[in-house]
Amino acid sequence: MNPEQIKEDWNSRGYSFGVFKDPPGQVWPDFVHRTDELVVLAEGEIEVEIEGKVQRPQIGEEVFIPANAVHTVRNVGQTNNVWFFGYRNR
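Bear in mind that the values here come from a model prediction, so they are computed numbers and not experimental data.

> Go over the environment of Phe17 with me, naming the residues and quoting the values.
Here Phe17 is to be found in the loop between helix 1 (3-12) and strand 1 (18-22). Judged by relative accessible area, which is 23%, Phe17 ranks as partly exposed. Along the sequence, Phe17 and Pro3 sit 14 residues apart, while their C-alpha atoms lie 9.1 Å from each other. Discounting chain neighbours no more than four positions away, the residues touching Phe17 are Pro3, Ile6, Lys7, Trp10, Phe84, Phe85 and Gly86.

> Lay out the nonpolar core in plain terms, naming residues and giving numbers.
Among the nonpolar cores identified, the biggest contains 11 residues, and these are Val39, Leu41, Ile46, Val48, Ile50, Val63, Ile65, Ala69, Val73, Trp83 and Phe85. Elements with a minimum of two residues in this core: strand 3 (37-43), strand 4 (47-50), strand 6 (62-65) and strand 8 (81-87). Contacts of Ile65, omitting those with residues within four sequence positions, involve Asp36, Glu37, Val39, Val48, Ile50 and His71.

> Just give me the short version of the sheet that holds strand 2 (residues 27-31), but keep the residues and values in it.
Taken together, the 4 strands give an open sheet; going across it, the order is 2-7-4-5, and neighbouring strands pair in antiparallel fashion. What marks the edges here is a single partner per strand, and that holds for strand 2 and strand 5 (53-55). On average, adjacent strands in this sheet sit at an angle of 10° to one another, irrespective of strand direction. In this structure, strand 4 lies alongside strand 7 (residues 71-74), joined through 4 bridges in antiparallel fashion. Bridged to Val48 within strand 7 is Val73.

Criteria and cut-off values
- Residues numbered from 1 in each chain as written.
- Predicted model: local features only at pLDDT ≥ 70, side-chain atom pairs only at ≥ 80, totals over all residues.
- Heavy atoms only, no water.
- Helix = DSSP H or I, 4+ residues; strand = E, 2+ residues; numbered from the N terminus.
- Buried < 20%, exposed > 50% of the residue type's maximum accessible area, 1.4 Å probe, protein only.
- Contact = heavy atoms within 4.5 Å.
- Core = buried A, V, L, I, M, F, W, Y, C linked by side-chain atoms within 4.5 Å.
- Pairing = 2+ DSSP bridges.
- Axes fitted to C-alpha atoms, helices over the stretch in contact; angles between N-to-C directions.

Written out as structure tokens, the structure reads:
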């Protein structure tokens, strides 16, 4: 998993790139953004709930969160996790 490659790919597709590092049990509840978002898990475990549908992506798997969708991200593992996120540039 190369963060620079993901960043370059996302930039070429019109997305920003950022990194979150969360402790076990961290929850980012009920977010809504006015733009599309991408999420990729780099380390640990994560659960992404989008409009009530739960996904547990594997490391390196990209998750698409459409604009205006209510979503929650949870660290469901026993260790810290690292995940990348990007927002579509307007």
